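Notes for the structure review
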Amino acid sequence: MKWITRNTEETILLGRKFGEKLAPNDVITLHGTLGAGKTTFVKGIAEALGISEPVTSPTFTILSQYDGKMVLTHMDLYRLGCEEEFELLGGEDFFYAGGVTLIEWSEKAESFLPPHTAAVFLSVDPETQNRIISTEDKRFESVSL
């Protein structure tokens, strides 16, 4: 499944529609280059979970948590050196804490990801600057803009 968003508002809207489909202990990995719209997409998921505080990228903090209908844990593992650091952080515990976990740079924790993890891919069309967002996870197949 693939969606094209033409601006920030549409990317947030698509994130919100994904967020409406999420349940406790869902884990989503977010894949895309810098500027692909990952944090913008997360803002929409946060809206769907009733989170009103500003959502920012956790690049330097490694993880941020937000309280809403469910706790949203947003991880950015770019700064981790290896999977052992993820384990020392207690990262796997967040997967089973009853909230939603979103992970950027998830390859740094690949062996810890639960089997039900959904992967979302974001990229930028270089000609139009539109965002291309895709997943193969069937729970999102009914999502439309």
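Our subject in this report is the structure included herewith. Since the structure is predicted, the reported quantities are computational estimates derived from the model, not experimental observations.

1. A look at helix α1 (residues 8–19)
Spanning twelve residues, α1 covers 16 Å between terminal C-alpha atoms, matching the ideal 16 Å at 1.5 Å per step. Three or more residues of α1 are buried, namely Glu10, Thr11, Ile12, Leu14, Gly15, Phe18 and Gly19. Check the buried side of α1 and you find it contacts β1 (2–5), α2 (38–48), β6 (118–124) and β7 (131–135). Two to three positions downstream of the cap, the backbone nitrogen of Glu9 sits 3.2 Å from a side-chain oxygen, assigning the N-cap of α1 to Asn7.

2. Observations concerning the side chain of Glu104
Relative to the helices and strands, Glu104 is located in strand β5 (residues 100–104). Within the buried set, Glu104 has no salt-bridge partner at all; the shortest N-O distance to an opposite charge, 4.1 Å, is to Lys38. Within the structure, the side chain of Glu104 is placed 2.7 Å from the side chain of His74, a separation counted as a polar contact. If we ignore the near neighbours within four places in the chain, the residues touching Glu104 are Leu30, Lys38, Thr39, His74, Met75, Asp76 and Leu77.

3. Examining the packing of α1 against α2
It is at 6 Å that the axes of α1 and α2 come closest, and there the two elements cross at 45°. The orientation of α1 relative to α2 falls into the category oblique. In this structure, the crossing between α1 and α2 has a hand that is right-handed. On the side of α1, the interface is formed by Thr8, Thr11, Ile12, Leu14, Gly15, Arg16, Phe18 and Gly19, while α2 contributes Thr40, Phe41, Lys43, Gly44, Ile45, Glu47 and Ala48. Residue classes in the contact of α1 with α2 are distributed as six nonpolar, six polar and three charged.

4. Here we look at the pattern of salt bridges
Per the counting criterion, the structure on display carries four salt bridges. Close ionic contact of Asp26 with Arg139 constitutes a salt bridge, the shortest N to O distance being 3.0 Å. Residue Asp26 is located in the loop between α1 and β2 (27–31), and its partner Arg139 is located in the segment after β7; the two are separated by 113 residues in the primary sequence. Overall, Arg139 belongs to the partly exposed group, its relative accessible area being 26%. A salt bridge links Asp137 to Arg139; its shortest N-O distance comes to 2.9 Å. If you follow the salt bridges from partner to partner, you end up with Asp26, Asp137 and Arg139 in one network.

Criteria and cut-off values
- Chains are numbered independently. Their residues run from 1 in the order of the written sequence.
- Two thresholds apply to this predicted model, a pLDDT of at least 70 for residue-level local features and 80 or more for giving and counting side-chain atom pairs, whereas whole-chain, interface and lining totals are computed over all residues.
- Hydrogens are left out, water is left out, and the side-chain values use all remaining heavy atoms of the structure.
- Numbering goes from the N terminus for both helices and strands, where a helix is a DSSP run of H or I of at least four residues and a strand is a run of E of at least two.
- One less than the number of residues in a helix, times 1.5 Å, gives the span that helix is expected to have.
- Between buried and exposed lies partly exposed: a residue is buried under 20% and exposed over 50% of the maximum accessible area for its type, with that area taken using a 1.4 Å probe on protein chains only.
- In this analysis, two residues are considered to be in contact whenever any of their non-hydrogen atoms come within 4.5 Å of each other.
- Whenever two N or O atoms come within 3.5 Å, that pair is a polar contact, provided that in protein one can donate a hydrogen and the other can accept it, and provided that, for residues adjacent in sequence, both atoms are side-chain atoms.
- Only four residue types enter the tally: Lys and Arg on the positive side, Asp and Glu on the negative side; His and the chain ends are excluded.
- By convention in these notes, a salt bridge is any Lys or Arg side-chain nitrogen within 4 Å of a carboxyl oxygen on Asp or Glu.
- An axis is simply a line fitted to the C-alpha atoms; with a helix, the fit covers only the stretch in contact. Between two such axes, the angle follows the N-to-C directions and lies from 0 to 180 degrees.
- What sets the label is the angle itself: under 35 degrees gives roughly parallel, over 145 gives roughly antiparallel, 65 to 115 gives roughly perpendicular, and the rest give oblique.
- The sense of a crossing depends on the near helix, which, turned anticlockwise from the far helix by less than a right angle, makes the crossing left-handed and, turned clockwise, makes it right-handed.
- Residues are grouped as follows: Ala, Val, Leu, Ile, Met, Phe, Trp, Tyr, Cys and Pro are nonpolar; Asp, Glu, Lys and Arg are charged; every other residue, Gly included, is polar.

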